[in-house]
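# Coordinate inspection notes
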Amino acid sequence: MNIIKKLSPNKYNGRNGWKPDMIVCHITEGSYEGAISWLTNPASKASAHFVVAKDGRITQLVELTDGSWCNGTSTDPNSKVYYGKSTLKTVRERKTNANYYTVSIEHEGIWAQSKGKLTDAQLAATIELIKYIRSEVKRIYGIEIPIDREHIVGHYQINPVTKPNCPGSEFQFDAIIAALKGENPTVQQPESKPTLYRVQVGAYSIRANADAQAAKLKSKGYDTYIVIAGGLYKVQVGAYSQKANAEAMANRLKGDGFNCFITTEAGTPAGNATITNPVPILKVGAKVKVKNTATKYSTGQTIPNWVKGNTYTVQQIGDGKVLLKEIVSWVNTSDVEVVG
Ligand SMILES: [Zn+2]
């Protein structure tokens, strides 16, 4: 663990006779760099012992032998931060400023975005940091900080009136405590997720074939995704909590000539299809070739041979027919092939 030191002037010299035996977790409501800058600025009159970045970097701002200005309590019963308002018995009983006996850790984050949930790197860094703090406190003061929620706490437990959301409801206290106790992280029971009905349009042993199918679907306006399941690349369109919605999509696909079926199998996402040669779409401006098998215009008149096999530009699209710019004629859609 690499701790960068950048000491802040905002601190008590010493701990007024107290030994630190409580670690308090906070959220910065801003960036790592911003927090370090603010908490070392004399104007802020605030500090913390440590700041942990989302990527796991750690900066120390106050020595463990000094009190930081992070979660002070007041002895004035009229104060919003009166120690008697704390939800922690220890804080209420000590009847003094909690900054004297706490070690504070700020965590980069914005409560409204994460509710205090640490990133994986941040969680790992915080666990290592708390191990370090406990070993240093033992070395310097000869005391063990207990591993429990009365001694590894959130700011909200000390100042519930002014800091109810510090660090936030999603902060991983349980994971931290389990890790410090050397327990395996709690195996999260998978949430019972609602069944999703997925419409599957082909399963392929070769990825490129799945991509080709995805490209065809895309040309018809369908959004697809590819999953791997049972060793096959499966092209799926949509995931619906209502079976009826999946059936509606399946019918639409069948109407466009795609064989499909409904599955509840999720598979492992295999990323977006690589669509290198998108299938040309019939649209205004597209180039189309009149098939040699074409016989009549949509008006019923005979198509002369010189028109067949040549390429024209679509000027307008009608119901089952396209107006070709160069010959100013409506040709049945089934008699043209999109070439670009
Ligand atoms: Zn706080």
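Please read all numbers here as calculations on a predicted model, not as lab measurements.

Scoring rules and cut-offs
Residues numbered from 1 in each chain as written. Predicted model: local features only at pLDDT ≥ 70, side-chain atom pairs only at ≥ 80, totals over all residues. Heavy atoms only, no water. Salt bridge = Lys/Arg side-chain N within 4 Å of Asp/Glu carboxyl O. Buried < 20%, exposed > 50% of the residue type's maximum accessible area, 1.4 Å probe, protein only. Helix = DSSP H or I, 4+ residues; strand = E, 2+ residues; numbered from the N terminus. Polar contact = N/O pair within 3.5 Å; in protein donor to acceptor, adjacent residues only side chain to side chain. Contact = heavy atoms within 4.5 Å. Core = buried A, V, L, I, M, F, W, Y, C linked by side-chain atoms within 4.5 Å. Expected span 1.5 Å × (residues − 1).

Evaluated as defined, the whole model comprises 11 salt bridges. Residue Lys138 is joined to Glu144 by a salt bridge in which the shortest nitrogen-to-oxygen separation is 3.2 Å. Residue class for Lys138 comes out partly exposed when judged on its relative accessible area of 41%. Residues joined in a network through salt bridges with shared partners are Glu33, Asp55 and Arg57.

Let us now look at the side chain of Ser86. Structurally, Ser86 is set in the loop between β6 (67–68) and α2 (89–94). Reaching out from Ser86, the side chain makes a polar contact with the backbone nitrogen of Leu88 at a distance of 2.9 Å. Of note is the side chain of Ser86, whose polar atom sits 2.7 Å from the backbone oxygen of Gln157. When near neighbours in sequence (up to four residues on either side) are disregarded, Ser86 contacts Val91, Arg92, Gln157, Ile158 and Pro160.

Counting residues in each nonpolar core, the largest one holds 25 residues, and the members touching the most others are Phe50, Ile105 and Ile133. For this core, the secondary-structure elements that each account for two or more residues are β3 (22–27), β4 (50–52), β7 (102–107), α4 (120–141) and α6 (173–180). With eight residues, α4 is the single largest residue contributor to this core. Residues contacting Ile133, with those up to four places away along its chain left out, are Ile23, Phe50, Leu64, Val103, Ile105 and Ile145.

Given 3.6 residues per helical turn, the α-helix brings residues three or four places apart onto the same face. The terminal C-alpha atoms of α4 lie 31 Å apart, and with 22 residues this matches the ideal 32 Å at 1.5 Å per residue to within 8%. For α4, the full list of buried residues reads Gln122, Leu123, Ala125, Thr126, Ile127, Leu129, Ile130, Ile133, Arg134, Glu136, Val137 and Tyr141. Gly142 sits one or two positions beyond α4 and adopts a positive phi of about 70°.

The values are spatial; any link to function lies outside them.
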